[in-house]
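Listed below are the residues making up each chain.
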Amino acid sequence: MKKLLLFLLLFSKSLLFSQTVLNSFPIPLNKPLENGQILNTEDVKTHDVYVFAADHKNTFIFKYNKFLFLTDQLTDSINNIENRSLIGHSISEDGNPTLYWGSDTTKNIRIIKYYFETKTSRALNFDFPEYSGSLITSFQKNNIFYILAKEQNENHLLLYEFSNGKCEIKMFDFSSFIFKNEKGQRFTFSSLIQYFPIENIDSDNFSPLEKSVNKSKLYVLDNHIILTLDYNSKKTHAFDLNLESLDITEKIFDQPVSKKQTASSNSFYLENKLFQINANNEELLFEIKDFESGKSIKTVSVSKNDTIRFKNSPFFIKTNGQRPEKLKTTSKFLRNLSMVNVGVSAFKNKTNTFITFGGFAEFEVSVPNFDYRPNDFFEGFNDRYSQYASKMVFFDAMLDSKLDFATNEQPEILAIDNVFYFMSKNKNIALEHILRLRDYYILGYYDLYSKKYVIRKFTDGFMNEDNGNPIINKAQFSKSVPQNRN
């Protein structure tokens, strides 16, 4: 919901955001922008926090207790991991961490476990089976590292589970399920995933429209994975993957019916609810369904001549990452929305649910190339080259604990809002990583100026003037904000 903070800051005179420096210490990273890699994580059992930092020569590991006081650290030289990326981590039952280094070819993983008591490490290699396939995504859950992959032309997903020095491979077979688009054309699960790649959605962080407009989305829960597929404009095809029994439960949710035949639809999963959107240039339909029963909880219908009274922000349009501009009417908003991929994003904070309605599209455009020599004028004038452009339209809304829309002249400022705003205002930040802890966030990053690793705590709301740093040049916040990188 960083957009809510963005617009509040743009039109406010003097505001302070809620953040506190928890730790700051030097890390001798060699050429951090070229060689540096940093991750942080929480041990879900002990609530200890780990920081993993590395360059091409050394790995630095820092361990903090749940109060974020440094309790242990380890430095280890790096051997045999040239041209590898730090792709993940896990924490064993003995409390020692393991790092996973991926190769450029994605065929091999270098696994290194670190021991705090002896200040030593132990390395081994993991080779993926010989198949022509692709890695879809990787993630951490409950101190375990996972890699989701798919074999080429096969109608199943493979989940590699790395824990306590072992790897277990789990298979989810979709060959028995039927996939049809709104025209009745049938196709395989393999071709579906190839055409609509799976996007991993992190429910602990706000998901921008750039991610939520994707037609295939994955949500990682405790012992479950929810997979939603919106390849059919008339329905959402969902699957519940049980990581223990390996059972697959199929669920089909009809999209709200549009009066106009041509429409674009999508969905978003959050806390056992499915948020569905269906839109065209004349109307916008929105429905919330219970994911277990499929029953409708809330339905909203808006036509181009209506005034949307439940929105908490104006209609905005943003092209090529530039400063957003306002759209005055629902009709103009829907007309622009019909030109992009429609989507909805939801984020829960305490009792309120914040929703972004809108769409996003990135497309390739051909422009004239005027870089020519004088004697090649006529030929050079006709030369063209391609570049990418983007367009986003959106507005924000808020649901209370009863799932009723709640308008607020002074939108609630969330901790994640403050994180994104801070990153937009500080140009010395590199290798940043965001971690949600209970009711606040911590941002860890390498400060290029001080050559220190800094950990900051961010909470909801604004601070009193004597407890924080003033925000200046607020209009600059309209520039693109770096996203959290794993």
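Source: prediction; values computed, not measured.

A.B. asks: Kindly report on the overall build of the chain, identifying the contributing residues and their values.
C.D. replies: From N to C terminus, the chain includes seven helices and 32 strands. Counting all 486 residues of the chain, 52% fall into the buried class. Considering only contacts in the chain between residues 6 or more positions apart, those separated by 24 or more positions represent 52%. Split by element, the accessible area of the chain, about 23,700 Å² in all, is 46% carbon and sulfur.

A.B. asks: Requested: an account of the side chain of Asp 43, with residues and values cited.
C.D. replies: Along the chain, the position of Asp 43 falls in the loop between β2 (37–42) and β3 (49–54). The buried charged residue Asp 43 lacks any salt bridge, with Lys 63 as its nearest oppositely charged partner at 6.7 Å. There is a polar contact of 2.9 Å between the side chain of Asp 43 and the backbone nitrogen of Lys 45. A distance of 3.3 Å separates the side chain of Asp 43 from the side chain of Thr 46, its partner in a polar contact. If we ignore the near neighbours within four places in the chain, the residues touching Asp 43 are Asp 48, Tyr 50, Ile 91 and Asn 143.

A.B. asks: Can you tell me about empty space enclosed by the protein, naming the residues and giving the values?
C.D. replies: The tally for this structure, following the rule as stated, stands at two cavities of 30 Å³ or more. Here the second largest cavity is characterised by a volume of approximately 40 Å³. Taken together, Asp 202, Ser 203, Asn 205, Ser 207, Phe 268, Leu 270, Ala 346 and Phe 347 form the lining of the second largest cavity. Mapped onto the lining of the second largest cavity, the elements with two or more residues apiece are β21 (264–270) and β27 (341–349). Among the residues forming the lining of the second largest cavity, the class breakdown is four nonpolar, three polar and one charged.

A.B. asks: Tell me what's going on with the packing of aromatic side chains, and back it up with residues and numbers.
C.D. replies: Going through the model one piece at a time under the given rule, you end up with 38 aromatic pairs. With a centroid separation of 6.1 Å and 75° between ring planes, the pair formed by Phe 126 and Tyr 160 is classed as edge-to-face. Residue Phe 126 is found in strand β9 (residues 120–127), and its partner Tyr 160 is found in strand β12 (residues 156–163); the two are separated by 34 residues along the sequence. Each member of the pair Phe 126 and Tyr 160 is classed as buried. In this structure an aromatic cluster arises from ring pairing among Phe 275, Phe 286, Phe 310, Phe 315, Phe 333, Phe 357, Phe 395 and Phe 405. Geometry around Phe 315 places Lys 311 over its ring, the cationic atom sitting 4.8 Å from the centre. Here the basic side chain of Lys 457 rests over the ring of Tyr 440, its NZ or CZ set 4.5 Å away from the ring centre.

A.B. asks: Any details on unusual backbone geometry? Residues and values, ideally.
C.D. replies: Unlike most non-glycine residues, Asn 164 shows phi in positive territory, near 50°. Residue position: Asn 164 is located in the loop between β12 and β13 (166–173). On the accessibility criterion, Asn 164 (38% relative accessible area) is partly exposed. Although it is not a glycine, Lys 350 adopts a positive phi angle of roughly 60°. For Lys 350, the position within the fold is in the loop between β27 and β28 (352–368).

A.B. asks: So what's going on with the environment of Ser 92? Residues and values would help.
C.D. replies: Its location among the elements puts Ser 92 in the loop between β6 (85–91) and β7 (97–102). Overall, Ser 92 belongs to the buried group, its relative accessible area being 8%.

A.B. asks: Give a detailed account of helix α5 (residues 330–337), specifying residues and quantitative values.
C.D. replies: Structurally, the α-helix is built with 3.6 residues per turn, so residues lying three or four positions apart point the same way. Of all the positions in α5, only Thr 330, Phe 333, Leu 334, Asn 336 and Leu 337 are classed as buried. One side of α5 holds all its buried residues, which, seen down the axis, span an arc of 165°.

A.B. asks: Describe the sheet that holds β12, with residues and values.
C.D. replies: Whenever strands of a sheet pair, they do so through backbone hydrogen bonds, lying parallel or antiparallel. Spatial strand order, β10-β11-β12-β13: four strands in an open sheet with antiparallel pairing. With partners counted over all chains shown, the strands left at the sheet margins are β10 (133–141) and β13, one partner each. Taking each pair of neighbouring strands and ignoring which way they run, the sheet shows an average axis angle of 20°. By the bridge criterion, six bridges tie strand β11 (residues 144–151) to β12 in an arrangement that is antiparallel. Note on β12: the bridge partner recorded for Leu 148 is Leu 159.

A.B. asks: An account of the layout of surface pockets is requested, with residue identities and associated values reported.
C.D. replies: When its volume is computed, the largest pocket comes out at roughly 1,700 Å³. Residue lining of the largest pocket: 50 residues in total, with Gln 140, Asp 202, Ser 203, Asp 204 and Asn 205 positioned closest to the centre. Counting residues per element, the ones that place at least two in the lining of the largest pocket are β2, β6, β10, β16 (198–201), α4 (209–212), β17 (216–221), β21 and β30 (429–437). Classifying every residue of the lining of the largest pocket gives 18 nonpolar, 19 polar and 13 charged.

Quick notes on the rules
- Residues numbered from 1 in each chain as written.
- Predicted model: local features only at pLDDT ≥ 70, side-chain atom pairs only at ≥ 80, totals over all residues.
- Heavy atoms only, no water.
- Helix = DSSP H or I, 4+ residues; strand = E, 2+ residues; numbered from the N terminus.
- Buried < 20%, exposed > 50% of the residue type's maximum accessible area, 1.4 Å probe, protein only.
- Contact = heavy atoms within 4.5 Å.
- Areas by Shrake-Rupley, 256 points an atom, 1.4 Å probe, with all protein chains shown as cover.
- Lys, Arg positive; Asp, Glu negative; His and termini not counted.
- Salt bridge = Lys/Arg side-chain N within 4 Å of Asp/Glu carboxyl O.
- Polar contact = N/O pair within 3.5 Å; in protein donor to acceptor, adjacent residues only side chain to side chain.
- 1 Å grid on protein atoms, 1.4 Å probe; cavity = no way out; pocket = protein on both sides within 12 Å on 5 of 7 lines; lining within 4 Å.
- Points joined across faces, edges and corners; volume = space filled by probe spheres on them.
- Nonpolar A, V, L, I, M, F, W, Y, C, P; charged D, E, K, R; others polar.
- Phe/Tyr/Trp six-rings, centres within 6.5 Å; stacked < 30°, edge-to-face > 60°.
- Lys NZ or Arg CZ within 6 Å of the ring centre and 35° of its normal.
- Arc of directions from axis to C-beta.
- Pairing = 2+ DSSP bridges.
- Axes fitted to C-alpha atoms, helices over the stretch in contact; angles between N-to-C directions.

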